[in-house]
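Reading the structure
Here are the chains, one letter per residue:
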Amino acid sequence: MNGAKSGPSPRRVAVRILRDIEQRQGFSNRILSEQLERHPELDRRDRGLITLLVYGVLRHRGRLDKLIDSFADKPKKVKGELRMILRVAAFELVELERPLGIANAEAGKLARRIDPHGRLSGMITAILHMIDRDWPIMDVALSDGSVLDALTHRWSVPRWLAARWLDALGPEQARARAQALSVPPTVDLRVDLHRSDAGTLRELLLAEQPKLEFIDVPEPAGDQPQCLRVRGGGDLFYGPAFEAGLFSIQSLGSQQAVRALDPQPGERVLDACAGMGTKTVQIAEHMRRRGEIVAVDASGERLEVLDAGRERAELEGELKLEIIEAELPATADALAADSFDAVLLDAPCTGLGNLGRHPELRWTALESNIGDRAELQAELLRWCAGMVRPGGRLVYAVCSLEPEEGEAIVAAFCSSSEGQAFTRELTQSWTPEQHHTDGFWLARLRRG
Ligand SMILES: C[S@@+](CC[C@H](N)C(=O)[O-])C[C@H]1O[C@@H](n2cnc3c(N)ncnc32)[C@H](O)[C@@H]1O
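Residues numbered from 1 in each chain as written. Predicted model: local features only at pLDDT ≥ 70, side-chain atom pairs only at ≥ 80, totals over all residues.

UniProt annotation of "active site" (unreviewed entry) refers to Cys399 when read in the numbering used here. Its location among the elements puts Cys399 in the loop between strand E9 (388-398) and helix H17 (407-414). Setting aside residues no more than four positions away along its own chain, Cys399 makes contact with Ser254, Cys349, Gly351, Gly353, Asn354, Asp438, Gly439 and Phe440. (UniProt positions renumbered as here; feature names shortened; annotations may be inferred. Helix = DSSP H or I, 4+ residues; strand = E, 2+ residues; numbered from the N terminus. Contact = placed C-beta atoms within 7 Å.)

Put into structure tokens, the structure is as follows:
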């Protein structure tokens with residue numbers, strides 16, 4: 001026995017996943033877990049490395065490509081699997097500060113599949129050698145150019161999005177946003193304040209995982225008694241505190257929509273795009289699990305996740321939860337207009353606020369996607385408004401900071417004839433640069 005590990009090399013799996021994401025233009029988290037499920041033999045450490053490499057390469061792809069292109073004799077010929085192998089190796093050099101010898105040897109091994117005779121090995125070694133030597137100088141040069149170039153090449157923001165940020169935010173804030181999104185996001189927990197509190201949960205989690213590192217929520221976020229912020233996160237999903245339903249994993253920005261809605265015990269509340277129910281459960285927590293919630297979504301598959309979690313989230317007893325699969329606004333005839341105290345519309349959108357958790361969106365989203373759902377968003381908002389009782393409230397939220405998906409939709413509604421009955425009470429933006437969280441936008445309206 002030589003103790004050598006069997007199974008695929010983590011770097012090879014990472015390259016495969018990255019190629020798959022590129023070719024299918026799919027969600028990184030789904031493809032990553034699909035592929036990891038195929039390799040139960042990989043241990044926890046290998047899984048951690050694969051995850052780190054996949055998200056890291058997606059997050060830094062523009063910068064890694066610029067480095068590769070600067071040192072390749074014929075950059076256009078560095079494509080497909082070869083480019084992905086070099087991106088992984090370059091990421092290890094510049095972000096993980098791995099020794100050149102290791103990065104180069106691993107890249108060479110991976111390349112053997114596409115280059116069995118080793119014809120590319122000299123080129124791979126030369127490129128990696130130059131990246132290892134010169135990346136700090138290159139980084140400075142990439143940052144020093146025009147802000148648009150710096151956002152694109154140093155901070156790996158697609159050029160069209162960088163141009164929008166520059167326009168909307170100005171150079172300083174655009175750069176701050178890009179920088180904030182260049183590091184792995186924290187893991188945020190939402191404590192069920194009905195069943196525990198942040199201090200108690202922190203102690204419980206530390207007993208489960210003594211090395212867990214808690215970080216303060218940044219000051220501009222104000223008082224957030226329900227939020228605990230963790231770096232890394234480890235196996236939080238499997239511990240007894242999670243099993244007992246004492247907390248959910250949800251980013252600070254995403255936690256704000258239900259806080260703004262502020263559902264009360266005994267109310268009747270509509271969660272119009274409930275998805276897998278992260279916010280439905282939060283609504284139940286605010287209501288102290290007393291009252292009535294109707295959760296609607298077009299996706300039966302997502303609603304099944306909510307349904308399956310009923311027991312863990314204690315969505316039974318005094319709380320009446322009705323789950324309806326329906327494509328709004330067309331197929332929700334059963335719901336009576338003017339009958340809800342509070343309505344949450346967590347509207348379908350580009351998700352461009354989620355670049356931290358979904359770095360692949362940098363490369364899969366298109367500028368033209370931004371307007372794609374405007375009509376649906378406006379229609380859903382109108383329909384949801386019709387469900388609110390006089391005096392009731394309505395929160396419109398999107399995980400996007402693009403004004404076409406937030407401000408423009410709500411402003412247009414408020415100036416329409418139906419919108420005249422509502423007053424806008426609150427508007428909030430949650431941003432990576434200020435709150436170190438996913439980008440989230442919301443507005444609360446109250447019916448007169
Ligand atoms: C931003 S996600 C909601 C996330 C969810 N609220 C949560 O907290 O996990 C938007 C949801 O809108 C749903 N959706 C899209 N179009 C819809 C429609 N016409 N009617 C109902 N739901 C729709 C999608 O299936 C998706 O689950």
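Here we come to the domain arrangement of the protein. Bring the parts together and some accessible area is lost; that lost area is often taken as the interface size. Its domain assignment divides the protein into domain 1 (10-144), domain 2 (150-182), domain 3 (187-249) and domain 4 (254-447). A separation of 23 Å is found between the C-alpha centroids of domain 1 and domain 2. Between domain 1 and domain 2, the contact holds nine residues from the first and six residues from the second. Elements supplying a minimum of two residues to the side of domain 1 that touches domain 2: helix H3 (44-71) and helix H6 (121-144). Looking at the side of domain 1 that touches domain 2 element by element, the count peaks at six residues for H3. In the side of domain 1 that touches domain 2, the residues fall into one nonpolar, three polar and five charged. (Domains from an automatic or database assignment. Nonpolar A, V, L, I, M, F, W, Y, C, P; charged D, E, K, R; others polar.)

Moving on, we get to unusual backbone geometry. The linkage connecting Leu328 with the following residue, Pro329, adopts the cis geometry, with an omega of -5 degrees. Checked against the element boundaries, Pro329 lands in the loop between strand E7 (319-325) and strand E8 (340-346). The backbone of Gln25 shows a phi angle near 50 degrees, a positive value even though the residue is not glycine. For Gln25, the location among the structural elements is in the loop between helix H1 (10-24) and helix H2 (28-37). Look at Glu97: it is not a glycine, yet its phi comes out positive at around 50 degrees.

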